[in-house]
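Survey of secondary and tertiary structure
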Protein chains: 2
Amino acid sequence: MSSAPLALTRSQLEKICETFPTPFHIYDEKRIRENARAMKDAFSWIPGFKNYFAVKACPNPVILQILREEGFGADCSSLPELIMAEKAGITGENIMFTSNDTPAEEFVEAARLGAVLNLDDITHMETMEKSVGIPELVCFRYNPGEARTGNAIIGHPSEAKYGVTSEQILDAYSLMKEKGVKRFGLHTMVASNELNGDYFIETARMLFTLAADINKKTGVRIEFINMGGGIGIPYKPGDKAVNLSHISDGMKELYEQILIPSGLDPMRIVFECGRMVTGPYGYLVSRVRHIAEKYKTYAGLDASMANLMRPALYGAYHHISVPGKENYPSEKIYDVTGSLCENNDKFAVDRFLPELDPGDLVVIHDTGAHGYAMGFNYNGKLRSSELLLQENGKVRLIRRAERVEDYFATLSFDEETVDL
Amino acid sequence: MSSAPLALTRSQLEKICETFPTPFHIYDEKRIRENARAMKDAFSWIPGFKNYFAVKACPNPVILQILREEGFGADCSSLPELIMAEKAGITGENIMFTSNDTPAEEFVEAARLGAVLNLDDITHMETMEKSVGIPELVCFRYNPGEARTGNAIIGHPSEAKYGVTSEQILDAYSLMKEKGVKRFGLHTMVASNELNGDYFIETARMLFTLAADINKKTGVRIEFINMGGGIGIPYKPGDKAVNLSHISDGMKELYEQILIPSGLDPMRIVFECGRMVTGPYGYLVSRVRHIAEKYKTYAGLDASMANLMRPALYGAYHHISVPGKENYPSEKIYDVTGSLCENNDKFAVDRFLPELDPGDLVVIHDTGAHGYAMGFNYNGKLRSSELLLQENGKVRLIRRAERVEDYFATLSFDEETVDL
C-alpha cells in the first residue's frame, strides 16, 4: 500500500467519535510538518526556496498556520482565500495571488495585502493598472501551448484557459517595464497530480530558458521562477511517490547549465504545491450505515460526495482501510457508496475489502487535499467537520460540521424587489 | 433553438443588475406555473395524479411554494430537504421521502411530517422499524436489474446502488404486511434526463405488471405507483422536448390492459420529476469580465462552476445567448469559461457566438434544475443569488448571494479537543 495509514486505532477513533461524530476529515499535524520539512530539505540548495501552499487544496486557517510555521507561503486564487491567508498570519510577498479571469476587486484586496500579483492574461495588465496602479513587482503565468503536452487532469496547455502565450510574453514584460514595474516573476502550471518527476525537470528547463530569453530580449531580469504545483501523490497501491531529490538534482543541473551562464544567478525558485503537502496526511473517516445486497453488494456510508468529490468527478481512486480489521482477509467485493441520490456517488467500485458490518468505521485515504475543499450541499447534504490530530496527541476541532441553519443561511434576508 | 429564451431584454437585465449584481440565477414564475399545469393536464385521466417535485433539482422554498400552489408535492432526499418542504407548506403525504442509504434520524423527521416513506433497501425496513415503528403506509423503490437498460446518466440498473431487487421485492411486501402495514406504494427510478418518451411507457409496463404480480402473489394491494422522475429537457439545439401526451396515452393503454383486468383500478400514479418542471425556466445570468486571446479565444465570465457544475461534471451542453446581440451573426468561436482554477471550469467549448466584449451580459439557459443546487465553494468561490421573475413583472430576491462571512461560518466555534 502506497498511501500512508492513519495513525489511530479503532478504539481511538471511537473515542474521537464520542465528541465528533462521523463523517469527519482528520489531518495528521506531525506528518504534515515532517512532509513540509522534507520538501524544504530537498530543495535547500535553491536560493530563497519557498512553497506557496495552494490554499484551494485544504482551505483551513489552522493548516495554513502550521505551514506558515514551517516557512511556507500561500497561493491564493480568490478574495476569500486571500482573507484566509491573512487570518493565518500569511501576508505580503508570502502570498502569491494566482487567479484566473480575475476581477478588479480581487486585485485590490491582493494589493492591500502586499501579495505578489501573478497575471493570468495580458488583459489583466489593464485590469490591474486601473484597480491598483502599477505595482513594484509583477509576475506572469506562462502558457507554453503546444511546446508542452500537459497531462490528463489539466489537459493540453494549448487548450487551457490559463496564462500568457509564447507570442505575448516578451511584449508583456516589456510593457510592464515601461510602465515602471521594477521586479519581475515568471510562473507556469502545466501539470496536475503528476507522478513523473522528469516532467518537472522539463518544466524547469522551459522556465529557465524562457527567463534567459526574456532577459536577453527585453532586459527584464526575472527575480523568481514559480514552477507551479502539480506534484502528484500515490493514491493507488503500486503508485510511487515522486522523488523530490530527483527533481531537485535535475533542476540544479539545469540551473548550472542555463541560469548561471545567463547571469541569472542567484534566482529564487518557488513552488505552489498543495496536494503533495497535505493530501496523504488527511483522511475521511466514515461509518458503515447499511450493507445492501442488491445485484451487487453495497457498503453505504454516512459520508457522501459532499465530503469527497474526486471519485465522482474524476473517477479517482482513494484507498480505503477498515480500522480494527487490518488483519482480516480482503476478500469481499464492495461498491462503497455515499448517500447522495446520484449514482456516481461511490467512493469505490468493485473494491476488495475485509467483510464489513454496519457500524464499522472506514478510513478513506489521501483526502487531505481537494477533499473537504470541493464539498457541496447537493441533496441538502451538510459538509462535515475537520479535525487535527495534533503533535501532542490530542485531537482538536478545526472546523465545525455544517448545521441545518447553515444550509438555510442564504434564505434569510430582507424582502427586495426590482420593478421593470 | 430548443431551449426557452429568457423573457427579459438587455436593458431590463441591466436594471436588475443595479440591485442584484451578476452572477445570479433567475426563474420565470409564469412559465414554471404554465409548465406545471401542462404536466397536470397531460396526465389528468390518472386517478389522484401528482408530481412530487424533486427538491434536489431546485431547493428554494419560494419555488416549492409556487409548485405547491399548482398542486405539486415534494420529493425529499435528506433532512434539510424535509425541513425545506415543511417551510414551503408541504407536509404529510404530499412529501415523498426517497432517500438512499438512509439514517435513522431522517426516518424520524420524515415520520414526524407524515411523509410517505419510500424504502431504498431491504435493510431499511429494520432501520425504519427501530426508529419510527411500523407506519400505516410504506413504499419500496424497485430496481429491475438487467430487466432494464437504464441510460447514460443514471447507468445500468444492475450496477445502481438503489432499490430492492426482483428477488427481494415480494418478500419485502409480505413482511411489511405481516408487520401490520396497511397501505402500500411502489416506486422506481431508472432514467435521468431521458428524452425518449417510450422509455417511460416501458417503465409503466414494468411497474403495472409488477403491481399486478405483487397483488397476485402476496395479496398486497399497491395503492399508488411512483414512476420516478427522469423526464429530460431539450438542452441542445435540435433536441426535442418529451411529448407528455404520448407518454400519457401509452400509460393509459397499459392501465387498461394490465391494471384494470388485475382489479387494481383505481390506481394512483405519481411522478417525481424535477428537471422538466423548473429546468428550462431558470437561467444563469453572468457578465463577461475578460476576452482573452491565447491559443484559443476565451470569454471569461464572472460566474464559475460554483454556480453551475453540469458542464464540468458531465460535459453537459447549456445553450448560451447574449442579450442585446440577438441579431448579431454567431460567427466567433469561444470557450466560455468560469474563473475557477480548474481547467474543466468551462460553460462551453468551441461555441459559435456573437462577438463578445467585456461587460456583455450572457445568459446560460436551462439552469433551473441541478444548477444552483450543485454549487460549491471550491477555490473560495461564493455561491450566487437566486431571483424570481414574478408573474406581476417584478423581480424578487429569493436567495441572497453568499458573503465572505458565510464562507467562514464553520470556522467559528468553541475550542474543543479530545485526549486519546
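This text follows the structure it describes.
This section reports on the structure supplied with the text.

A full pass over the atoms with the stated rule returns 0 disulfides over all chains. With no disulfide partner, C17 of chain A has as its closest neighbouring cysteine sulfur the one in C58 of chain A, 19 Å distant. Assessed through its relative accessible area of 11%, C17 of chain A is described here as buried. Here C76 of chain B is not cross-linked by a disulfide; its sulfur's nearest cysteine counterpart is in C341 of chain A, at 11 Å. For C76 of chain B, a relative accessible area of 0% corresponds to the buried category.

Moving on, we come to the interface of chain B and chain A. Taken together, the contacts link 108 residues of chain B with 109 residues of chain A. A combined buried area of about 8600 Å² lies between chain B and chain A, and 56% of that area is made up of carbon and sulfur atoms. Contact with chain A buries surface across chain B, with K161, Y295 and L420 of chain B losing the most and accounting together for 10% of the total. The interface formed by chain B and chain A holds 10 salt bridges in total. With a shortest N-O distance of 3.9 Å, K294 of chain B and D120 of chain A are connected by a salt bridge. The interface formed by chain B and chain A contains 66 residue pairs in polar contact (both at pLDDT 80 or more). The dominant element in the side of chain B that touches chain A, judged by the number of residues it contributes, is helix α4 (residues 79-87) of chain B, at 6 residues. Its residues placed into classes, the side of chain B that touches chain A shows 45 nonpolar, 35 polar and 28 charged. Two strands pair when backbone bridges link them, and strand β18 (residues 417-418) of chain A and strand β17 (residues 395-399) of chain B are joined in this way by 2 bridges, in the antiparallel orientation. By the bridge assignment, T417 of chain A is partnered in β17 of chain B with R396 of chain B.

Another aspect to go through is the relation of the copies chain B and chain A. For the pair chain B and chain A, the best superposition has an RMSD of 0.0 Å and corresponds to a rotation of 180° with a translation of 0.0 Å parallel to the axis. Between the two chains, the operation in question is that of a two-fold axis. Proximity to the rotation axis, assessed at the C-alpha, singles out F376 of chain B in chain B; its C-alpha lies 2.3 Å from the axis.

Here the focus is the sheet that holds strand β9 (residues 268-271) of chain B. Residue and element names in this part refer to chain B. With respect to topology, 8 strands assemble into a closed barrel ordered β2-β3-β4-β5-β6-β7-β8-β9, the strand pairing being parallel. With direction set aside, neighbouring strand axes in the sheet form an average angle of 25°. For strand β7 (residues 183-188) and strand β8 (residues 222-226), the ladder comprises 4 bridges, and the chain directions are parallel. By the bridge assignment, L186 is partnered in β8 with I225. Seen against the sheet, helix α7 (residues 166-179) touches β6 (137-142), β7 and β8 and runs at an angle of roughly 175° to β6.

Moving on, we come to the environment of L411 of chain A. Examined against the element boundaries, L411 of chain A turns out to sit in the loop between α12 (404-407) and β18. Here the alpha-carbon distance between L411 of chain A and D120 of chain A, two residues 291 residues apart in the chain, equals 35 Å. Ignoring anything within four residues of it in the chain, the contact list for L411 of chain A reads N60, P61, M84, I398 and R399 of chain B.

All names here are of chain A. When we look at burial in helix α9 (residues 244-259), the residues that qualify are L244, I247, S248, G250, M251, L254, Y255, I258 and L259. On an axial view of α9, the arc spanned by its buried residues comes to 165°, and they lie on one face. Away from its buried face, by an angle of more than 90 degrees, α9 presents the exposed residues D249 and E253. Next to the buried residues of α9 lie α2 (29-42), α8 (197-218), β9 (268-271) and α10 (275-278). Among the residues of α9, the N-terminal cap falls to N243, whose side-chain oxygen and the backbone nitrogen of S245 are separated by 3.0 Å.

Rules behind the numbers
Residues numbered from 1 in each chain as written. Chains lettered and ligands numbered in written order. Predicted model: local features only at pLDDT ≥ 70, side-chain atom pairs only at ≥ 80, totals over all residues. Heavy atoms only, no water. Disulfide = S-S within 2.5 Å. Buried < 20%, exposed > 50% of the residue type's maximum accessible area, 1.4 Å probe, protein only. Contact = heavy atoms within 4.5 Å. Buried area = accessible area lost by both parts, 1.4 Å probe. Salt bridge = Lys/Arg side-chain N within 4 Å of Asp/Glu carboxyl O. Polar contact = N/O pair within 3.5 Å; in protein donor to acceptor, adjacent residues only side chain to side chain. Helix = DSSP H or I, 4+ residues; strand = E, 2+ residues; numbered from the N terminus. Nonpolar A, V, L, I, M, F, W, Y, C, P; charged D, E, K, R; others polar. Pairing = 2+ DSSP bridges. Least-squares fit on C-alpha atoms with pLDDT ≥ 70 in both. Axes fitted to C-alpha atoms, helices over the stretch in contact; angles between N-to-C directions. Arc of directions from axis to C-beta.

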